[in-house]
Protein chains: 2
Amino acid sequence: MDRSPALAALSALAHETRLDIVRLLVRRGRRGAPAGEIARMVSVSASRLSFHLRLLEQAGLVTATREGRQVIYAFDRARMGALIGYLLSDCCADDPEVRACCSQAAIRLPAEDGAG
Amino acid sequence: MDRSPALAALSALAHETRLDIVRLLVRRGRRGAPAGEIARMVSVSASRLSFHLRLLEQAGLVTATREGRQVIYAFDRARMGALIGYLLSDCCADDPEVRACCSQAAIRLPAEDGAG
DNA sequence: TCCATCGTTCAACTACTCATGAAACGTTGA
DNA sequence: TCAACGTTTCATGAGTAGTTGAACGATGGA
């Protein structure tokens, strides 16, 4: 990942509501969730949600697909992985101590995805 | 890492100048660098640098130590590792695809890295 | 004490982000 | 064509982040 998209992704994640959206969509897996349901789950107005989703989409962290009257949003795991990879390698120069602390905080590696 | 410090750290990183500062300090290792030198390296005024360093310090990403007339700033690797761990485990629910993409971007993701 | 150096803080300003509600848009089914 | 539904866009205003230059405080040497 380059510098500019990484900054956009970091900015997009640096907001409580958008972090909530990401957490929700991560748990929804590839099938994602429609905007209306996301709005109910994270308790924001439709227009607010649309604003935040657009930022996340511009940052490449979510994708949008229209299905009839609904717009389905899904989390882009590859993009998130690329961001973390950027932080680890490009930004932190593959520093082993960063990696060690990072894996201490996240040791488990679940075998199955569970998302359709 | 909790939610609130993670948001602070993400906000702190989501700025070009501050990302430059982090990259510089990562390469300086534990001995860090004095504010004046950082200002020269990233080409910002002293007051702006002070402002950005304060944000990074409040986010826990850098530490400050006075040495005579100079103030030495050093990057906190553990904090950065904790942030990435938060993103991977708490935010992305240890999603294996995120981890896979992350390690693709970062060449290697050692399961048990000696950390130095 | 005086002075130069180093870094921070302050005030003022600009620019951006965020939030709100109403209106507009696209899709669907009658 | 029309109404209902889900979502986005727009206008507006408040709050916050960022920049600049000058003033300020701390330190060390003469």
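Only a predicted model underlies this, so the values are computations on that prediction, with no experimental measurement involved. (Residues numbered from 1 in each chain as written. Chains lettered and ligands numbered in written order. Predicted model: local features only at pLDDT ≥ 70, side-chain atom pairs only at ≥ 80, totals over all residues.)

Residue and element names in this part refer to chain A. With 13 residues, helix 2 (residues 16–28) extends 19 Å between its outermost C-alpha atoms, agreeing within 8% with the 18 Å of an ideal straight helix rising 1.5 Å per residue. The complete set of buried residues in helix 2 reads Arg18, Leu19, Ile21, Val22 and Leu25. Projected down its long axis, helix 2 shows its buried positions confined to an angular sector of 155°, all on one face. Phi for glycine 29, located one or two positions after helix 2, is positive at around 65°. (Helix = DSSP H or I, 4+ residues; strand = E, 2+ residues; numbered from the N terminus. Expected span 1.5 Å × (residues − 1). Buried ≥ 20, exposed ≤ 12 C-beta atoms within 10 Å, placed from the backbone. Arc of directions from axis to C-beta.)

Attention now goes to the interface of chain B and chain A. Chain B puts 44 residues into the contact, and the matching count from chain A is 42 residues. Listing elements by their share of the side of chain B that touches chain A, those giving two or more residues are helix 1 (3–13), helix 2 (16–28), helix 5 (77–91) and helix 6 (96–105) of chain B. By residue class, the composition of the side of chain B that touches chain A is 28 nonpolar, seven polar and nine charged. (Contact = placed C-beta atoms within 7 Å. Nonpolar A, V, L, I, M, F, W, Y, C, P; charged D, E, K, R; others polar.)

With that settled, the discussion passes to the protein's contact with DNA strand C. As a structural note, the neighbourhood of DNA strand C is formed by 21 residues, with A:Ser47, B:Pro34, B:Gly36, B:Ala46 and B:Ser47 the closest of them. The element that contributes the greatest number of residues to the surface near DNA strand C is helix 4 (residues 46–58) of chain B, accounting for six residues. Among the residues forming the surface near DNA strand C, the class breakdown is eight nonpolar, nine polar and four charged. (Near = placed C-beta within 6 Å.)

Here we take up the sheet that holds strand 1 (residues 33–34) of chain B. All names here are of chain B. An order of 1-3-2 is seen for the three strands of this open sheet, with the pairing classed as antiparallel. Edge positions in the open sheet fall to strand 1 and strand 2 (62–67), since each of these has one partner strand only. Alignment of strand 1 against strand 3 (residues 70–75), held across two bridges, turns out to be antiparallel. Bridging from a neighbouring strand, proline 34 pairs with isoleucine 72 of strand 3. (Pairing = 2+ DSSP bridges.)

A separate point is the UniProt feature "domain: HTH arsR-type" (unreviewed entry) in chain A. Within this structure's numbering, the places UniProt gives as "domain: HTH arsR-type" (unreviewed entry) are residues 1–95 of chain A. Taken end to end, residues 1–95 of chain A has its terminal C-alpha atoms 18 Å apart, with 63% of it in helix and 15% in strand. (UniProt positions renumbered as here; feature names shortened; annotations may be inferred.)

Note that soluble globular proteins tend to have their nonpolar side chains buried in a common cluster. With 64 residues, the main nonpolar core has A:Leu61, A:Ile84, B:Leu61 and B:Ile84 as its most contacted residues. Not counting residues up to four positions away in its chain, the partners in contact with A:Leu61 are A:Ala9, A:Ala12, A:Val22, A:Leu56, A:Phe75, A:Asp76, A:Arg79 and A:Met80. (Core = buried A, V, L, I, M, F, W, Y, C linked by C-beta atoms within 7 Å.)

In this section: the sheet that holds strand 2 (residues 62–67) of chain A. Across a sheet, paired strands are connected by hydrogen bonds in the backbone, their directions being either parallel or antiparallel. Residues and elements named next belong to chain A. Across the sheet, which stays open at both edges, the three strands sit in the order 1-3-2 with antiparallel pairing between neighbours. Unpaired on one side and paired on the other, strand 1 (33–34) and strand 2 mark the two borders of the sheet. Bridge analysis of strand 2 against strand 3 (residues 70–75) gives six bridges, and the strand direction is antiparallel. Counted as the bridge partner of threonine 63 is alanine 74 from strand 3.

Moving on to the packing of helix 2 of chain B against helix 4 of chain B. Describing two packed helices takes the angle between their axes plus the distance from one axis to the other. All names here are of chain B. With their axes 10 Å apart at the nearest point, helix 2 and helix 4 run at an angle of 70° to one another. When the interaxial angle is binned, helix 2 and helix 4 end up roughly perpendicular. Contact with helix 2, carried on its side by Thr17, Arg18 and Ile21, involves His52, Leu53, Leu55 and Leu56 of helix 4 and no other residues of that element. Here the contact of helix 2 with helix 4 is built from residues that sort into four nonpolar, two polar and one charged. (Axes fitted to C-alpha atoms, helices over the stretch in contact; angles between N-to-C directions. Parallel < 35°, antiparallel > 145°, perpendicular 65-115°, else oblique.)

A few words on the relation of the copies chain B and chain A. Between chain B and chain A, which share one sequence, the superposing operator has a rotation angle of 180° and an axial displacement of 0.0 Å; the RMSD is 0.1 Å. Interpreted geometrically, this transformation is the action of a two-fold axis. A share of 91% of interface residues in chain B that are also interface residues in chain A marks the association as one of identical surfaces. (Least-squares fit on C-alpha atoms with pLDDT ≥ 70 in both.)

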